[in-house]
Amino acid sequence: VTGEFQAYLAAKRSVDDRALDRRTLERLRTALAAPADRPLRVLEAGAGVGTMVERLLEWDTLPPGDVEYVAVDIDPDSVAAARERLAGWAEDRGLAVERGGDPPAWAPVTAAPLSLVGPDRTVTVVPATGDAAEVAGAAEGADLVVGMALLDVLERAALPAMLSAAAPGGLAYFPITFDGGTRFVPDHPLDGAVERAYHAHMDAKDDARSRAGEAALATLERLDATTVLAVGGSDWVVRPGPDGYPGEEAAFLHHILDTVEGAVAETLAGDERGWATTADPALDRDALADWADRRRRQVDDGALTYLTHQLDLLARVAGTPAQSAGPQLE
Ligand SMILES: C[S@@+](CC[C@H](N)C(=O)[O-])C[C@H]1O[C@@H](n2cnc3c(N)ncnc32)[C@H](O)[C@@H]1O
């Protein structure tokens, strides 16, 4: 089940581990309280291969006690990879892995749970295929809603749907939200044009996806139902050490270069909205291919540094248990 994209998401874990804003994560840890009479409920949308489940457990971000963790992704290959990866992760830590049973009633998914059973707690993970907004829109009562590296790929309207899954007083955490910076070092004369064309490609799908972090922060600040608890930068910094790139980060960079080249090629072909006004006439298909080849050789030579700008956002979703209709969202 593990294809190139799933390998990319696995390679991305060490990059994200370095990047995640620790103050925002600490605020999340202290704000999360274990419910007295039931397991903690977490809904993650766009969960990929499940690296955030591992991280929140390894880093003791979730409070002690049982957890129900519904991990939804639209891509069935990633969901299958998450199921396999999390079982291996649990076995490596001496946790018993039990399969079967029903998914929790609060989340509208049909997939079979994977229970990771340790001496002190059971974490019931449900990797399930589904659309973020659809599942979140029909779920309710989550103590925590997570969307990592997600808001720049979703339509803006998906954010209120995600928030509506939270219980009154629940939390929403959106780390690694892309926010408009794509840099490569050493510099190249076409870098500016490549960056603008790459971001124009994102913005052609939906306005301001290339500034999804800023847009999500504005939405969370504007909505009556949400209070922003913490915001921090979570820029990716991928650079070689004396022995090359850490872990699988060279493969991560090759995937990024393929993505950037593919998107810019589409922008050149389609002359996407907004880009033409800033277009550099020197950037044509041949120049793009040269740029990408040079960058790939720099990865192979351990000579490329890649930087992005991202935001981690944490908010509380207002409401009291008496507001059974749920939070008022736009
Ligand atoms: C950039 S990846 C991030 C994956 C994971 N959160 C991580 O950080 O490793 C974005 C993920 O969102 C998923 N995705 C895209 N659109 C989605 C949607 N409408 N509903 C649910 N998942 C979606 C993709 O399949 C992909 O796994």
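Here, the structure is the one placed above.
Residues numbered from 1 in each chain as written. Predicted model: local features only at pLDDT ≥ 70, side-chain atom pairs only at ≥ 80, totals over all residues. Heavy atoms only, no water.

Draft legend 1. Local environment of the overall build of the chain. The secondary structure content of the chain amounts to 10 helices and 10 strands. Its C-alpha radius of gyration of 20 Å places the chain within 12% of the 20 Å reference for a compact globule of 330 residues. For the chain, with 330 residues in total, the buried portion stands at 54%. Within the chain, counting contacts between residues at least 6 apart in sequence, those at least 24 apart form 81% of the total. Just so you have it, the chain exposes about 14400 Å², and 49% of that area is on carbon and sulfur atoms. Averaging the coordinates of the 30 positive side-chain charges in the chain and doing the same for the 55 negative ones gives two points 4 Å apart. (Helix = DSSP H or I, 4+ residues; strand = E, 2+ residues; numbered from the N terminus. Rg over C-alpha atoms; globule rule 2.2 N^0.38 Å. Buried < 20%, exposed > 50% of the residue type's maximum accessible area, 1.4 Å probe, protein only. Contact = heavy atoms within 4.5 Å. Areas by Shrake-Rupley, 256 points an atom, 1.4 Å probe, with all protein chains shown as cover. Lys, Arg positive; Asp, Glu negative; His and termini not counted. Charge placed at Lys NZ, Arg CZ, Asp CG, Glu CD.)

Draft legend 2. Up close: the pattern of salt bridges. Scanning the entire structure with this criterion turns up 16 salt bridges. E214 serves as the salt-bridge partner of R211, at 3.5 Å between the closest nitrogen and oxygen. For R296, the salt bridge identified is with D258, shortest N-O distance 2.9 Å. Within this pair, whereas R296 is found in helix α10 (residues 285-300), its partner D258 is found in helix α9 (residues 249-270), the two being separated by 38 residues in sequence. The exposure class of R296 is buried, given its relative accessible area of 18%. (Salt bridge = Lys/Arg side-chain N within 4 Å of Asp/Glu carboxyl O.)

Draft legend 3. Focus on helix α1 (residues 4-19). Here α1 is 16 residues long and its end C-alpha atoms lie 22 Å apart, about the 22 Å a rise of 1.5 Å per residue gives. The largest bend in α1 is about 35°, located at R13. (Expected span 1.5 Å × (residues − 1). Bend = angle between axes of the 7 residues up to and from the residue.)

Draft legend 4. Spotlight on the packing of helix α7 (residues 191-205) against α9. Two numbers describe how α7 lies on α9: the axes approach to 8 Å, and their chain directions differ by 80°. Classed by the angle they form, the pair α7 and α9 counts as roughly perpendicular. Here V194, A197, Y198, A200 and H201 of α7 lie close against α9, whose contacting residues are T259, V260, A263, V264, E266 and T267. Split by residue class, the contact of α7 with α9 holds seven nonpolar, three polar and one charged. (Axes fitted to C-alpha atoms, helices over the stretch in contact; angles between N-to-C directions. Parallel < 35°, antiparallel > 145°, perpendicular 65-115°, else oblique. Nonpolar A, V, L, I, M, F, W, Y, C, P; charged D, E, K, R; others polar.)

Draft legend 5. Up close: the site of the ligand. Near the ligand lie 18 residues; those nearest to it are K12, G46, D73, D131 and A132. In this structure, K12 approaches the ligand through a side-chain N or O atom, which is 2.7 Å from an oxygen atom. Here a nitrogen atom of the ligand and a backbone polar atom of I74 are 3.2 Å apart. Notes on the ligand: free accessible area 590 Å², of which the protein chains cover 87%. (Near = heavy atom within 4 Å. Polar contact = N/O pair within 3.5 Å; in protein donor to acceptor, adjacent residues only side chain to side chain.)

Draft legend 6. Highlighting the packing of aromatic side chains. Under the definition given, this model contains seven aromatic pairs. Ring centres of W236 and F252 lie 5.2 Å apart, and the angle between their planes is 80°; this geometry places the pair in the edge-to-face category. Remark: F252 occurs in helix α9 and W236 occurs in the loop between β8 (226-233) and β9 (237-238); sequence separation between them is 16 residues. Of the residues examined, F252 reaches a relative accessible area of 0% and is grouped as buried. Considering the side-chain rings of F252 and Y306, the 6.4 Å spacing of their centres and the 50° angle between planes classify their relative orientation as tilted. Placement of F252 in helix α9 and of Y306 in strand β10 (residues 305-317) is noted, with a sequence separation of 54 residues between them. For Y306, a relative accessible area of 2% translates into the label buried. The residue whose ring lies beneath R55 is W59, and the NZ or CZ to ring-centre distance is 5.8 Å. (Phe/Tyr/Trp six-rings, centres within 6.5 Å; stacked < 30°, edge-to-face > 60°. Lys NZ or Arg CZ within 6 Å of the ring centre and 35° of its normal.)

Draft legend 7. Structural view of the pairing of β10. β10 sits mainly inside the fold: 10 of its 13 residues count as buried. As defined by bridge partners, strand β7 (residues 166-185) adjoins β10 across 11 bridges and the pair is classed as antiparallel. Among the inter-strand pairings, F178 is bridged to a residue of β10, identified as Q310. Across seven bridges, the pairing between β8 and β10 is antiparallel. Bridging from a neighbouring strand, A230 pairs with L314 of β10. Two elements, β9 and β10, share two bridges in a ladder whose sense is antiparallel. Across the sheet, the residue bridging to V238 is Y306, located in β10. (Pairing = 2+ DSSP bridges.)

Draft legend 8. Just unusual backbone geometry, in detail. Between V185 and the following residue, P186, the backbone shows a cis peptide bond with an omega angle of 5°. Along the chain, P186 turns up in the loop between β7 and α7. Notably, D60 is not glycine yet its phi reads approximately 55°, a positive angle. Along the chain, the position of D60 falls in the loop between α3 (51-58) and β2 (67-73). In this structure, A149 takes a positive phi of about 50° despite not being glycine. Position of A149 among the secondary structure elements: in the loop between β6 (142-147) and α6 (158-163).

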